[in-house]
Amino acid sequence: MSDDEQQTREDFDDAVNMTASELRAWLDTDESKQVGQKPSGGGESTGHESGRHIIRILDKKQADYTDDDYAHMRKVVGYVARHAKQRPDGDVHDTPWRWSLMNWGDDPEKR
C-alpha cells in the first residue's frame, strides 16, 4: 500500500463515523431520501448514491480496495470537511444539514 493510500484510508476513517449497518439503516429512511442534489428528472441523490458506495467500501477488506474506492474515499473526505463547516446554529438533530452528512457516512452528533 502506498503512503497516499494509507493517508486516504486514515482520512476516510476520520470522516466516516457510521458503521456499514448504521449507514445501511439510515439510507432506508425517508429523511435520507429527502436531501441532496438529484439528477434532473428525479432519481437518487448524489449523497444517497455515495452512501451506498461507502457501505461497499466498509464491507470490503482493505486489500480489495480499488482505485475507484480510493477516489471515492477522497471525495467523501472533501465533502464531509466542506459541509461540516456549514453547521447551522441551534439543535441540528432533525435538519437537512445533518441528514446530508449522514448520507455521506458522518453523523455530527457522534462527534
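Model, not experiment: these values are computed from the prediction. Numbering of residues begins from 1 in every chain and follows the order in which that chain's sequence is written. Local features in this predicted model are restricted to residues whose pLDDT is 70 or higher, and side-chain atom pairs enter the listing and the counts only when it is 80 or higher, whereas totals over whole chains, interfaces and linings include all residues. For the side-chain quantities, the full set of heavy atoms in the structure was used; hydrogens and water were omitted.

Chemist: How would you explain the packing of aromatic side chains if you had to name every residue and give the values?
Modeler: Aromatic pairing here means that ring centres of Phe, Tyr or Trp (its six-membered ring) are within 6.5 Å. Orientation follows from the plane angle: under 30 degrees is stacked, over 60 is edge-to-face, and everything else is tilted. Scanning the entire structure with this criterion turns up two aromatic pairs. Ring geometry for Tyr65 against Tyr70: centres 5.6 Å apart, planes inclined by 85 degrees, an arrangement best described as edge-to-face. The burial state of Tyr65 is the same as that of Tyr70; both residues are buried. Consider the rings of Tyr79 and Trp104, whose centres lie 4.3 Å apart with planes at 15 degrees: the pair is stacked. Of this pair, Tyr79 sits in helix 5 (residues 67-84) while Trp104 sits in the segment after helix 6 (96-103), and the two are 25 residues apart along the sequence. A single burial state applies to Tyr79 and to Trp104, both of which are buried. The buried label goes to any residue with under 20% of its type's maximum accessible area, the exposed label to any with over 50%, and the partly exposed label to all in between, with areas taken from a 1.4 Å probe on protein chains only. A helix here means a DSSP run of H or I that spans at least four residues, while a strand means a run of E at least two residues long, and both kinds are numbered starting from the N terminus.

Chemist: Help me get a handle on the packing of helix 4 (residues 46-59) against helix 5, residues and values and all.
Modeler: At a closest axis distance of 11 Å, the pairing of helix 4 and helix 5 adopts a crossing angle of 125 degrees. In terms of their interaxial angle, helix 4 and helix 5 are classed as oblique. When you trace helix 4 past helix 5, the crossing you get is left-handed. Each of Thr46, Ser50, His53, Ile54 and Ile57 in helix 4 lies in contact with helix 5, whose residues at this interface are Asp68, Asp69, His72, Met73, Lys75 and Val76. Amino acid classes used here: Ala, Val, Leu, Ile, Met, Phe, Trp, Tyr, Cys and Pro are nonpolar; Asp, Glu, Lys and Arg are charged; the rest, including Gly, are polar. Split into classes, the residues belonging to the contact of helix 4 with helix 5 amount to four nonpolar, four polar and three charged. Axis angles are defined between N-to-C directions and span 0 to 180 degrees, where every axis is a line fitted to C-alpha atoms and, for a helix, only to the segment in contact. Note that the term roughly parallel is reserved for angles under 35 degrees, roughly antiparallel for angles over 145, roughly perpendicular for angles of 65 to 115, and oblique for everything else. Note: crossing handedness is left-handed where the near helix turns anticlockwise from the far helix by less than a right angle, and right-handed where it turns clockwise. Residues count as neighbours in contact if any of their non-hydrogen atoms are within 4.5 Å of one another.

Chemist: Before we move on, can you summarise the side chain of Thr8 with the specific residues and values?
Modeler: Checked against the element boundaries, Thr8 lands in helix 1 (residues 3-15). Note on Thr8: relative accessible area 4%, which makes it buried. Here Thr8 is in contact with Tyr70, Met73 and Arg74, once residues within four sequence places are set aside.

Chemist: Quick rundown of the nonpolar core? Include the residues and the values.
Modeler: Throughout, nonpolar core names a set of buried Ala, Val, Leu, Ile, Met, Phe, Trp, Tyr and Cys residues whose side chains join them through atoms within 4.5 Å. Phe12, Leu23, Trp26, Ile54, Met73, Val76 and Val80 are the most contacted members of the largest nonpolar core, which totals 24 residues. Looking at this core, the elements that each hand over two or more residues are helix 1, helix 2 (20-27), helix 4, helix 5 and helix 6. Tallying contributions element by element places helix 5 first for this core, with five residues.

Chemist: Could you give me a rundown of the packing of helix 1 against helix 5, with the residues and numbers involved?
Modeler: Packing of helix 1 against helix 5 brings their axes to within 9 Å, and their N-to-C directions diverge by 45 degrees. The pairing of helix 1 with helix 5 is recorded here as oblique in orientation. Crossing handedness for the pair helix 1 and helix 5: left-handed. Each of Asp4, Glu5, Thr8, Arg9, Asp11, Phe12 and Ala15 in helix 1 lies in contact with helix 5, whose residues at this interface are Tyr70, Met73, Arg74, Val76, Val77 and Val80. For the contact of helix 1 with helix 5, the residue count by class is seven nonpolar, one polar and five charged.

Read these as layout, nothing more, since geometry by itself doesn't imply function.
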